[in-house]
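Architecture at a glance
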Amino acid sequence: MGLNTSAEAPLPVGEVSRLIGGWVDRLGAVWVEGQITQLSRRPGAGVVFMTLRDPSYDISVSVTCYRQVFDAVADVVSEGARVVVHAKPEWYAPRGQLSLRAAQMKPVGIGELLARLEMLKRSLGAEGLFALDRKRPLPFLPQLVGLVCGRASAAERDVLENARRRWPAVRFEVRNVAVQGVHAVPQVVQAVKELDEHPDVDVIVVARGGGSVEDLLPFSDEQLVRAVAECRTPVVSAIGHEPDAPLLDLVADLRASTPTDAAKKVVPDVGEELERVRGLRDRALRTVRGLLDREERGLAHALARPVMEHPRRMVEEREREVDALLARSRRCLGHLLDRADSELRHTHARVVGLSPAATLERGYAVLQRADGSVVRSAEEVAPDEELRARVAEGAFPVRVAAGDVVPRP
C-alpha cells in the first residue's frame, strides 16, 4: 500500500526500514541460481558469507548460510562455481541491506548446464540468430583487426604472432578482458561493442585458448550472443574448444578452431599471395606472348601473299583488263559504225536511185500548175493553160497549145 507522506510529514528512516523489512518478510523462499564471486569462511564462525552474482546482467546479492548448510557442498563448491540456492530474502534494518538466507545449496552439474545451453541454443536458433544467410564474408585484407582476449594470454600471442608472420603490415586494436568468471560477460560484450563502433576495424576476433565447460560458459551467454548478432562488423570466434562448441561459434560469421587458425583465416599469407601474383603474371605474359606470336604469324602469312610482295600487280592486272575491254569496246564500236555506214550508203543509193531528181537527170520533166500540183494526165490540162516545167537543171514556163492536147487512149 502507498503511504501518505509529504515534505511536512515525512517518515523517519527507521520507520521506512521497518516497513521495507515487513514487506520483505512477507516474501516466501525461492530457488535462486548464480555464480559465487566472494566466499568468506572464517574459522570457528557458524555463518558463511558469500556473494551470488548473475553474470548476464551484472547484478549481485549477498547470501548467508549456516556452516552445516555450506559444509554439505564445500568439497565441490568454491569461488566461481555456479550454484542453486533455496533461500528466503531478509532485510537487515540497521544497515538497510537486503540479503538471502540460504537453507539449501546445490552445485549446478555439467549435465544441467549442457541441458540449459541446449534449450538456449534452440531458442536463439528459432529466432534466426544462427542462420547461414546472416553470415557476412570476411574482408580479403583487413587493415585493422579488432582482438578481444585475455591479458597477456597465449591466445593473444598466437593471434598476433601468426597474423603478423603471414602479413607483416596488419594492425591490431586489442581489448584485454576477463575471459572467465563473473566479469567475463560484461567485459567481452563491452569490448565487442567498442570495436564494432570503431570506424577503422574491419573484422573482430574473440579468442580464448580453450578450457572446461564451466570456464567457457561466458561465451554461451545470451547477452553476448545477441551482442555479436547485432554487430555490423564481421566477427570470428576462436575459442579453441572442439568437443563442446560455445554458442558464440554459432552466431559468429566465421568459426576458427583455435586462435592460430583464426589468424590464418583473417589475413592472407603474403608468400602465398606473392606466389599467386607471380603465377598470374606469368600466365598473363604467356597469354600476351601467344597473342603476339599468333598475330606475327598472321602478319607474315599476309605479307607472303603475292599481292603484298608486288602491291602494284593487282593494279597492273586491272589496268590490262581495262585496256583489253577498252580495245574490245572500240572494235565493237568500229564494227557497228562500219556496218551502219555501209547500210547508210546502200540506203542512200536506193534513195537517190528512186528520187525524182534522178529521174529528172535522165531527161524527164515535171509539169506543175500554178498552185504547185503535178500534172499526171493529159486530161487534167486545158488548152492555153500555163504550166511550169521542172527539169534537172531548173524550170521554165510552158503553155498548152489548143491542138496539142492528146487524150489518153
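The structure contained in this document is the topic of the report that follows.

So, how was this worked out
- All chains use their own residue numbering, which begins from 1 and follows the written sequence.
- Thresholds applied to this predicted model are a pLDDT of at least 70 for local features of residues and 80 or more for the giving and counting of side-chain atom pairs; totals over whole chains, interfaces and linings are not thresholded and use all residues.
- Side-chain numbers come from the whole structure's heavy atoms, not from hydrogens or water.
- Secondary structure elements follow DSSP: runs of H or I of four or more residues count as helices, runs of E of two or more count as strands, with numbering from the N terminus.
- Every residue pair with non-hydrogen atoms within 4.5 Å of one another is taken to be in contact.
- Definition of nonpolar core: a set of buried residues of the types Ala, Val, Leu, Ile, Met, Phe, Trp, Tyr and Cys, connected through side-chain atoms within 4.5 Å.
- Relative accessibility decides the category of a residue: with a 1.4 Å probe and only protein chains considered, values under 20% of the type maximum give buried, values over 50% give exposed, and everything between is partly exposed.
- Strand pairing follows a simple DSSP-based rule, namely that at least 2 bridges must link the two strands.
- To define axes, lines are fitted to C-alpha atoms, for helices over the stretch in contact only, and angles between the resulting N-to-C directions are given on a 0 to 180 degree scale.
- Any angle from 65 to 115 degrees is called roughly perpendicular, while one under 35 is roughly parallel, one over 145 is roughly antiparallel, and all others are oblique.
- For any pair of crossing helices, the crossing counts as left-handed if the nearer helix is rotated counterclockwise from the farther one by less than a right angle, and right-handed if it is rotated clockwise.
- Charged means Asp, Glu, Lys or Arg here, nonpolar means Ala, Val, Leu, Ile, Met, Phe, Trp, Tyr, Cys or Pro, and polar covers whatever is left, Gly included.
- Patch building starts from residues that exceed 30% relative accessible area and form no salt bridge, then joins like charges within 9 Å and nonpolar side chains (Val, Leu, Ile, Met, Phe, Trp, Tyr) within 5 Å.
- Residue-level accessible areas treat just the shown protein chains as cover; the underlying method is Shrake-Rupley with a 1.4 Å probe.
- Salt bridge, as applied in this entry: a Lys or Arg side-chain nitrogen positioned within 4 Å of an Asp or Glu carboxyl oxygen.
- His is not counted here, nor are the chain ends, while Lys and Arg score as positive and Asp and Glu score as negative.
- Every charge is mapped onto a representative atom, which is NZ of Lys, CZ of Arg, CG of Asp or CD of Glu.
- The pairing test for Phe, Tyr and Trp rings, Trp by its six-membered ring, is centres within 6.5 Å, and the orientation test on the planes gives stacked under 30 degrees, edge-to-face over 60, and tilted for anything in between.
- A positively charged side chain is recorded as over a ring if its NZ (Lys) or CZ (Arg) lies within 6 Å of the ring centre. The angle to the ring normal must also be within 35 degrees.

Moving on: the side chain of Ser 237. Note that Ser 237 resides in strand S9 (residues 235-238). With residues near it in sequence (within four places) discarded, Ser 237 still touches Val 206, Leu 248, Asp 249, Ala 252, Leu 254, Arg 255 and Ala 256.

We now examine the nonpolar core. Residues Val 148, Val 206, Phe 219 and Val 251 are the most contacted members of the largest nonpolar core, which totals 31 residues. Those elements giving two or more residues to this core turn out to be helix H3 (110-126), strand S6 (144-149), helix H5 (184-197), strand S8 (203-207), helix H6 (222-229) and helix H7 (247-251). In terms of residues, this core owes the most to one element, H5, which gives six residues. Judged by nonpolar contacts, the second largest core, of 20 residues, contains Val 159, Ala 238, Ala 256 and Ala 262.

This next bit is on the pairing of strand S13 (residues 394-399). Pairing between strand S12 (residues 386-391) and S13: six bridges, direction antiparallel. Counted as the bridge partner of Arg 390 is Ala 395 from S13. Counting the residues that bridge the hairpin from S12 to S13 gives two residues.

As a further point, take the side chain of Thr 64. When you line up the elements, Thr 64 lands in strand S3 (residues 59-66). Residue contacts for Thr 64: discarding those within four places in its chain leaves Val 47, Val 48, Phe 49, Leu 100, Arg 101 and Ala 102.

For the rest of this paragraph, the subject is the packing of helix H4 (residues 154-166) against helix H8 (residues 259-266). Two elements in contact, H4 and H8, have axes separated by 8 Å at closest approach and are oriented at 30°. For the element pair H4 / H8, the angle class is roughly parallel. For the pair H4 and H8, the crossing hand works out as right-handed. The residues of H8 that touch H4, namely those facing Ala 155, Asp 158, Val 159, Asn 162, Ala 163 and Arg 166, are Pro 259, Thr 260, Ala 263 and Lys 264. Counted by class, the contact of H4 with H8 contains five nonpolar, two polar and three charged residues.

Relative to the helices and strands, Val 375 resides in the loop between strand S11 (366-368) and S12. Distance in space between the C-alpha atoms of Val 375 and Gly 80 is 162 Å, their sequence separation being 295 residues.

Side chains of Glu 316, Glu 317, Glu 319 and Asp 323 sit close together on the surface and give a patch of like negative charge. In this fold, Glu 319 is placed in helix H11 (residues 313-354). Exposure remark for Glu 319: the relative accessible area of 47% places this residue in the partly exposed category.

A complete count under the given rule lists zero aromatic pairs for this structure. If you follow Arg 101 out to its NZ or CZ, it ends over the ring of Tyr 66, 5.1 Å from the centre.

Here the focus is the pairing of S3. A regular strand carries its side chains on alternate faces of the sheet. Direction of pairing for strand S2 (residues 47-54) relative to S3: antiparallel, over a ladder of eight bridges. Pairing of Arg 53 across the sheet is with Ser 60, part of S3. Inspection of the sheet shows S3 paired to strand S5 (residues 97-107) by four bridges, in the parallel sense. Of the residues in S5, the one forming a bridge with Ser 62 is Ser 99.

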